[in-house]
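Listed below are the residues making up each chain.
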Amino acid sequence: MIEIIFYGAEWCSDCKKAKQYLNDNNIQFEFVDVDIDKNATNLVETINNGKRIIPTLLINNKSFTNPDNNALATELGINKVGNVILYGADWCPDCRRAKKYLQDNKINFQFIEVDKHIWATEKVEEINNGKRIIPTILINSQPYTNPDNSILKDVLKIDSNKAQEIFDSIIIGAGPAGLTASIYAQRDRFDTLILEKKNIGGNAALTEKIENYPGFTTISGSGLMTKMAEQAQTYGTKIETGVDVQYISKKDDIFTVKTNMGDYYSKTIVAAVGSTYRLMNIPLEKELIGAGIHFCATCDGAFYRDKEIFVIGGGNSALEESIFLAGFCKKVTIIHRKDTFSASETYIEKLKTINNITILKDKESLEFLKHDNDTLKGILIKDNKTHKVEEVYADGAFIFIGLIPNTGSFKNVIDLNERGFILTTGLGETNVSGLFAAGDCREGAIAQVASATGEGVLASYGIRNHLK
Ligand code: NDP
């Protein structure tokens, strides 16, 4: 829903032009005739510093004085294939990804921040059967829930045919390992392209605070990753986001990278694809994702300001994120299946100093519970010692139970271990010559930003040796 109040008059030619444009694009608006409504005249004068200029439009409470059709198109997301409205938030990584893709392809769109308008959140829930999933994009009134770039490309008829450039290296993944590999490779004068499925920065960009990356006593994950990406781009690295790599093949020393956005070609490849949140695989978990169940505190924590939440897990991630969430949630209850945490002592000690964190240890989560409107109600848990089963309730649940490597597109391409991590030797070399791996997707990686950047350096030396 876009709220447009149009202050004008029947005799005004600019008003007629603007009305015609809105009507031609099926944009609903409320017309207020300033000759009839004296309050409207006063309002127009207030907006325009005492001047009586029409048309004056209020679009979602933002005023526009005699806007031309281009200004209306930009604000209302009208372009040659129609009307695009993106409901999202600046803190949401997929919203940033979709916005960037639309901007890169010069598609006008209207961005409505769900945090700023209650009606916008309600609209998103209405479209998604009660679930609060963003970005939700309306293209000519047809809803698309978190569409990937290939869907946007098809629906908006974006022509992104690329010349068949052969890069010195294609780096898959724009996390710390991939960005560092590209910085080093570009400085060695190798032409590199980073393909990233989601957002620049990988999991590190979703971490609220990083306090163990040398050189920074404390820095936000997104801040650190933005700096790394800027540094890479300074040296000429190209980064494309929203590109989902499906398969890699090699012929005559050239790799073909098959993606949702077409084929890319390169002399070397670095797999820096990182890892993904593990699921608990209990009833209702998948169904309630986005409707009370989340995996990223930085992305979704803000929905639970002053509310009660569960955190599931007992490792470093669970404890670190609980401490972060306790900063603005009313109550955080950690549910862990063992009676000891595997997290580091620093986090365990810090937990004891925070009085809105409660710990339920030795509790197995059996299933999630939902309200009639299909949102999370709570969890059915079992005490491992007494076997007592009980229902516990909260507004949201964050699951932090470990990671699985994002190496699906490398199956049957290179050797992986039984858990899917990439097997490497020396400078991150895989069993395929010219294909390297760096960061959390590699067997033996220790899932730290600092170590991932080091692995990126090693891979860049691999690229250098291979190309020379
Ligand atoms: P971990 O593998 O370290 O911990 C996973 C936790 O989830 C364990 O407590 C595990 O319990 C529990 N768990 C696993 N499966 C289930 C399940 N099905 N149901 C319920 N609980 C389950 O993962 P993390 O994501 O915490 O950390 C990943 C890596 O990143 C680690 O190496 C960690 O040290 C590192 N890290 C480092 C940080 C830092 O140094 N600042 C911050 C965050 C992460 P159980 O013990 O019973 O298996």
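The structure under discussion appears in the preceding block.
Structure report, in brief.

Here is what the cut-offs are and how they apply
- Residue numbers run consecutively from 1 along every chain, following the written order of its sequence.
- Local features in this predicted model are restricted to residues whose pLDDT is 70 or higher, and side-chain atom pairs enter the listing and the counts only when it is 80 or higher, whereas totals over whole chains, interfaces and linings include all residues.
- Hydrogen atoms and water are omitted, and side-chain values are computed over all heavy atoms in the structure.
- Disulfide assignment relies on a single distance test, namely cysteine sulfur atoms paired within 2.5 Å.
- When a residue's accessible area, from a 1.4 Å probe over protein chains only, is under 20% of the maximum for its type it is buried; when over 50% it is exposed; and in between it is partly exposed.
- Strands qualify as paired when DSSP identifies two bridges or more between them.
- Helix and strand assignments follow DSSP, with helices taken as H or I runs no shorter than four residues and strands as E runs no shorter than two, numbered in order from the N terminus.
- Orientation is described by lines fitted to C-alpha atoms, with helices fitted over the stretch in contact, and by angles between N-to-C directions that extend from 0 to 180 degrees.
- Contact criterion: two residues are considered in contact whenever any of their non-hydrogen atoms come within 4.5 Å of each other.
- Near residues are defined by distance, with any heavy atom within 4 Å of the molecule or strand qualifying the residue.
- Counted as a polar contact is a pair of N or O atoms within 3.5 Å, where, for protein atoms, one must be capable of donating a hydrogen and the other of accepting one, and residues adjacent in sequence contribute only when both atoms are in side chains.
- Under the counting rule used here, the positive set is Lys and Arg, the negative set is Asp and Glu, and His together with the chain ends is not counted.
- Only one rule defines a salt bridge in this text: a Lys or Arg side-chain nitrogen within 4 Å of an Asp or Glu carboxyl oxygen.
- Angular relationships are summarised with four words: roughly parallel below 35 degrees, roughly antiparallel beyond 145, roughly perpendicular across 65 to 115, and oblique for the angles in between.
- Should the near helix be turned anticlockwise from the far one by less than a right angle, the crossing is left-handed, and should it be turned clockwise, the crossing is right-handed.
- Three classes are used, and their members are as follows: Ala, Val, Leu, Ile, Met, Phe, Trp, Tyr, Cys and Pro are nonpolar, Asp, Glu, Lys and Arg are charged, and the others, Gly among them, are polar.
- Candidate patch residues must exceed 30% relative accessible area and have no salt bridge, after which like charges are joined if within 9 Å and Val, Leu, Ile, Met, Phe, Trp or Tyr side chains if within 5 Å.
- To be clear on the numbers: accessible area is Shrake-Rupley with a 1.4 Å probe, and residue cover counts the displayed protein chains and nothing else.
- By convention, the charge on Lys lies at NZ, on Arg at CZ, on Asp at CG and on Glu at CD.

**What about the state of the cysteines?**
Put plainly, a disulfide is one covalent bond tying together the sulfur atoms of two cysteines.
Phase 1: Under the counting rule described, the total for this entry stands at two disulfides.
Phase 2: Here Cys12 connects covalently by a disulfide to Cys15, the sulfurs 2.5 Å from one another. Taking the torsion about the S-S bond as the criterion, the Cys12 to Cys15 disulfide, at about 85°, is right-handed.
Phase 3: Residue Cys12 is classed as buried on the basis of its relative accessible area of 6%.
Phase 4: The exposure class assigned to Cys15 is buried, which follows from its relative accessible area of 0%.
Phase 5: Note on Cys329: no disulfide assigned, nearest cysteine sulfur contributed by Cys296 at a separation of 13 Å.
Phase 6: Looking at Cys441, it has no disulfide partner, and the nearest cysteine sulfur is the one in Cys296, 20 Å off.
Phase 7: By relative accessible area, Cys441 is classed as buried at 0%.

**Remarks on the sheet that holds strand S4 (residues 62–65)**
Whenever strands of a sheet pair, they do so through backbone hydrogen bonds, lying parallel or antiparallel.
Phase 1: A sheet is described by the order of its strands in space; here four strands give the open sequence S2-S1-S3-S4, paired in mixed fashion. Two strands close off the open sheet at either side, each with one partner strand: strand S2 (30–33) and S4. On average, adjacent strands in this sheet sit at an angle of 20° to one another, irrespective of strand direction.
Phase 2: Relative to strand S3 (residues 56–59), strand S1 (residues 4–8) runs antiparallel, the two sharing four bridges. The partner of Tyr7 across the bridge, within S3, is Thr56.
Phase 3: Sheet strands touched by helix H2 (residues 38–47): S1, S2, S3 and S4. Its angle to S3, the strand with the most contacts, is close to 85°.

**Points about unusual backbone geometry**
Phase 1: Along the chain, Ile54 connects to Pro55 via a cis peptide bond; the corresponding omega equals 0°.
Phase 2: Looking at the secondary structure, you find Pro55 in the loop between H2 and S3.
Phase 3: That bond from Ile134 to Pro135 is cis: its omega, 0°, falls within 30 degrees of zero.
Phase 4: Within the fold, Pro135 resides in the loop between helix H5 (118–127) and strand S8 (136–139).

**A word on the site of the ligand**
Phase 1: Neighbouring residues of the ligand: 18 residues in total, closest Gly314, Asn316, Ser317, Arg337 and Tyr347.
Phase 2: Between the ligand and the protein, one listed contact pairs an oxygen atom with a side-chain N or O atom of Asn316 at 2.8 Å.
Phase 3: Tyr347 is positioned such that a nitrogen or oxygen atom in its side chain is 3.0 Å from a nitrogen atom of the ligand.
Phase 4: For the shell around the ligand, the element with the most residues is helix H10 (residues 316–326), which contributes three residues.

**Structural notes on the side chain of Asp33**
Phase 1: Among the secondary structure elements, Asp33 is positioned in strand S2.
Phase 2: Buried Asp33, no salt bridge; nearest opposite-charge side chain is Lys19, N-O distance 7.4 Å.
Phase 3: When residues no more than four places from it in sequence are discounted, the contact partners of Asp33 are Gly8, Ala9 and Glu10.

**With respect to the packing of helix H7 (residues 176–187) against helix H12 (residues 449–467)**
Phase 1: Put simply, H7 and H12 touch, their axes get as near as 7 Å, and they point 40° apart. When the interaxial angle is binned, H7 and H12 end up oblique. Considering the relative orientation of H7 and H12, their crossing is right-handed. Residue-level inspection shows Pro176, Ala177, Thr180, Ala181, Tyr184 and Ala185 of H7 in contact with H12, the latter providing Val449, Ala452, Thr453, Gly456, Val457, Ser460, Tyr461 and Ile463.
Phase 2: The residue makeup of the contact of H7 with H12, split by class, is ten nonpolar, four polar and no charged.

**A short note on a positive patch on the surface**
Phase 1: Taken together, the side chains of Arg278, Arg337, Lys338 and Arg419 make up a positively charged region of the molecular surface.
Phase 2: For Arg419, the location among the structural elements is in the loop between strand S25 (403–405) and strand S26 (435–437).
Phase 3: We classify Arg419 as exposed; its relative accessible area is 55%.

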